[in-house]
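# Survey of secondary and tertiary structure
Given next are the chains, with one letter for each unit.
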There are 2 protein chains.
Amino acid sequence: MPYDESAAALLAEHIALDDAARALLFTEARSANTFTDEPVSSEQLRAIWELAKFPPTAANTNPLRVLYVSSPDARVRLVDLMNEGNKAKTAAAPAVAILAADLDFHEHIPQLFPSRPELRDVFAADDEARAAHARVNATLQIGYYLLAVRAAGLAAGPMGGFDAAGVDAEFFPGGRWRSLLVVNIGKPGENPWFDRLPRLDYEQAVRFI
Amino acid sequence: MPYDESAAALLAEHIALDDAARALLFTEARSANTFTDEPVSSEQLRAIWELAKFPPTAANTNPLRVLYVSSPDARVRLVDLMNEGNKAKTAAAPAVAILAADLDFHEHIPQLFPSRPELRDVFAADDEARAAHARVNATLQIGYYLLAVRAAGLAAGPMGGFDAAGVDAEFFPGGRWRSLLVVNIGKPGENPWFDRLPRLDYEQAVRFI
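Remember, predicted model here, so these are calculated numbers, not experimental data.

### A few points about the relation of the copies chain B and chain A
After a rotation of 180° and a shift along the axis of 0.0 Å, chain B superposes on chain A with an RMSD of 0.0 Å. Taken together, the rotation and translation describe the operation of a two-fold axis. Of the interface residues in chain B, 100% have counterparts in chain A that sit at the interface too, so the contact is made through matching surfaces.

Quick look at the structure:
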């Protein structure tokens, strides 16, 4: 998709975030399929979380959880559960995260929302509503997390193509965390991406009433 | 939540995004409950979309849709469907968006993923899987959208507290778009927020295997 000049002028005039930051997070950033060998440090992973944790969730429930699959043995077990087209890149990525929803997020409500601790019991009483809340708000946080990876100067490679039931059985046997997405993380490698695919026109996605 | 110095040092060292941009999008940004009278222009709304459209969705399906409720009559109809605590601020906000999932996003696949137009028919054959895909990926895009609002130098006030079935009946009678979130947008007004609520500690949310 050519990044057209009228859109660039619109962003320069109406977006407070400067051009370099817009490029890093939005306009030039891409999902990567290959990575260099450069490791991702534990400090980088912690810094990503220290950004991603801030934007809002409903009732401040923060249900997103992250499992970094770093030991060689665990990585092999994960790769076995990835779809065929995702195996090689997941085996080779410097860092790999399983992003998950904590279905028992409500246990943290007295800490996260100290003025309304009774919300813990409201959620405890309805497993179905709690699971839906966990998945929706963890997915919202995945949006923040992917942009935080980019903010760290790294590329993310998010993948929905894996055996989610198998990943849950293998990595979250208690059933409390449920996998939503697997993300490869690192510096982009050789031929890291195809040309960017089109987006919808403004008029296709946005309406006024 | 006091923004502690060790976290600030970690971000300064390991995050490529500069301090001002980190503050604008993550560390200092807040959801707003009150707004000034300053209007949000149609150019600002278009610029927000021109950022929010870029980050990834599964199979590039882009299912998020936005309905800006700008006419006085439509605003009254929306306010009637908001929970009590959200009515006054939704009536007063300079701009209000209903964020929705397009359950028939697959009709755009030949445009959005021209090398795999057959995906349209795969999604067409399974209404349940298509609805789930629409909701998950539109929710992911809401994460991008909220950060794009902040990138425009504006505050967002996202609200899940509304009669979703009522909003869908009133604003999306065809059943194709389904409301996910209502967002007030503008410059923060008087006493726009309470103190920030805590977040989970890194060790509570992130693990390694």
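Don't stop here, the text continues.
### Brief notes about the interface of chain B and chain A
Between chain B and chain A, the residue contacts involve 79 residues of the former and 79 residues of the latter. Taking both sides of the interface into account, the surface hidden between chain B and chain A amounts to around 7100 Å²; carbon and sulfur atoms contribute 71%. Connecting chain B to chain A are two salt bridges. Linking glutamate 203 of chain A and arginine 46 of chain B is a salt bridge whose minimum nitrogen-to-oxygen distance equals 2.8 Å. Where chain B packs against chain A, one counts 30 residue pairs in polar contact (both at pLDDT 80 or more). Of all the elements, helix 8 (residues 127-151) of chain B adds the most residues to the side of chain B that touches chain A, at 11 residues. Across the side of chain B that touches chain A, the residue classes tally to 49 nonpolar, 16 polar and 14 charged. Pairing analysis gives three bridges linking strand 1 (residues 64-68) of chain A to strand 5 (residues 206-208) of chain B, with the strands arranged parallel.

### Considerations on the side chain of histidine 106 of chain B
Residues and elements named next belong to chain B. Topologically, histidine 106 is positioned in the loop between strand 2 (95-102) and helix 6 (109-112). Under the relative-accessibility criterion, histidine 106 is labelled buried at 7%. Among the polar contacts made by the side chain of histidine 106, one reaches the side chain of arginine 130 at a distance of 3.3 Å. When neighbours within four sequence positions are excluded, histidine 106 is seen to be in contact with Arg120, Phe123, Ala124 and Arg130.

### Quick look at the environment of alanine 101 of chain B
All names here are of chain B. Structurally, alanine 101 can be placed in strand 2. Here the alpha-carbon distance between alanine 101 and serine 179, two residues 78 residues apart in the chain, equals 6.6 Å. In contact with alanine 101, not counting residues within four places along its chain, are Pro63, Ala134, Arg135, Ala138, Arg176, Trp177, Arg178 and Leu180.

### Description of the packing of aromatic side chains
All names here are of chain A. Applying the stated criterion across every chain, the model contains six aromatic pairs over all chains. For the ring pair phenylalanine 105 and phenylalanine 123, a centre distance of 5.0 Å and an interplane angle of 75° mean the geometry is edge-to-face. Here phenylalanine 105, found in the loop between strand 2 (95-102) and helix 6 (109-112), pairs with phenylalanine 123, found in helix 7 (residues 119-124); they are 18 residues apart in sequence, far enough to count as distant. In this structure, phenylalanine 105 and phenylalanine 123 share a single accessibility class: buried.

### Here's the deal with the nonpolar core
Across soluble globular proteins, you tend to see nonpolar side chains buried next to one another. Counting residues in each nonpolar core, the largest one holds 98 residues, and the members touching the most others are Tyr145 of chain A together with Tyr145 of chain B. Each residue touching tyrosine 145 of chain B, except ones within four places of it in the same chain, is listed here: Ile48, Ala52, Leu64, Val66, Tyr68, Ala97, Leu99 and Ile185 of chain B.

### Focus: the sheet that holds strand 1 (residues 64-68) of chain B
Across the sheet, which stays open at both edges, the five strands sit in the order 5(A)-1(B)-2(B)-4(B)-3(B) with mixed pairing between neighbours. At either margin of the open sheet sits one strand with a lone partner, and together these are strand 5 (206-208) of chain A together with strand 3 (155-159) of chain B. With direction set aside, neighbouring strand axes in the sheet form an average angle of 25°.

### A short note on the sheet that holds strand 3 (residues 155-159) of chain A
Reading across the sheet, the five strands line up as 3(A)-4(A)-2(A)-1(A)-5(B) and stay open at both edges, with mixed pairing between neighbours. Looking at strand neighbours, the two that pair on one side only are strand 3 of chain A together with strand 5 of chain B, the edges of this open sheet. Recorded for the sheet is a direction-independent mean angle of 25° between the axes of neighbouring strands. Pairing of strand 1 of chain A with strand 2 of chain A involves five bridges; the strand directions are antiparallel.

About the thresholds
- Residues numbered from 1 in each chain as written.
- Chains lettered and ligands numbered in written order.
- Predicted model: local features only at pLDDT ≥ 70, side-chain atom pairs only at ≥ 80, totals over all residues.
- Heavy atoms only, no water.
- Least-squares fit on C-alpha atoms with pLDDT ≥ 70 in both.
- Contact = heavy atoms within 4.5 Å.
- Buried area = accessible area lost by both parts, 1.4 Å probe.
- Salt bridge = Lys/Arg side-chain N within 4 Å of Asp/Glu carboxyl O.
- Polar contact = N/O pair within 3.5 Å; in protein donor to acceptor, adjacent residues only side chain to side chain.
- Helix = DSSP H or I, 4+ residues; strand = E, 2+ residues; numbered from the N terminus.
- Nonpolar A, V, L, I, M, F, W, Y, C, P; charged D, E, K, R; others polar.
- Pairing = 2+ DSSP bridges.
- Buried < 20%, exposed > 50% of the residue type's maximum accessible area, 1.4 Å probe, protein only.
- Phe/Tyr/Trp six-rings, centres within 6.5 Å; stacked < 30°, edge-to-face > 60°.
- Core = buried A, V, L, I, M, F, W, Y, C linked by side-chain atoms within 4.5 Å.
- Axes fitted to C-alpha atoms, helices over the stretch in contact; angles between N-to-C directions.

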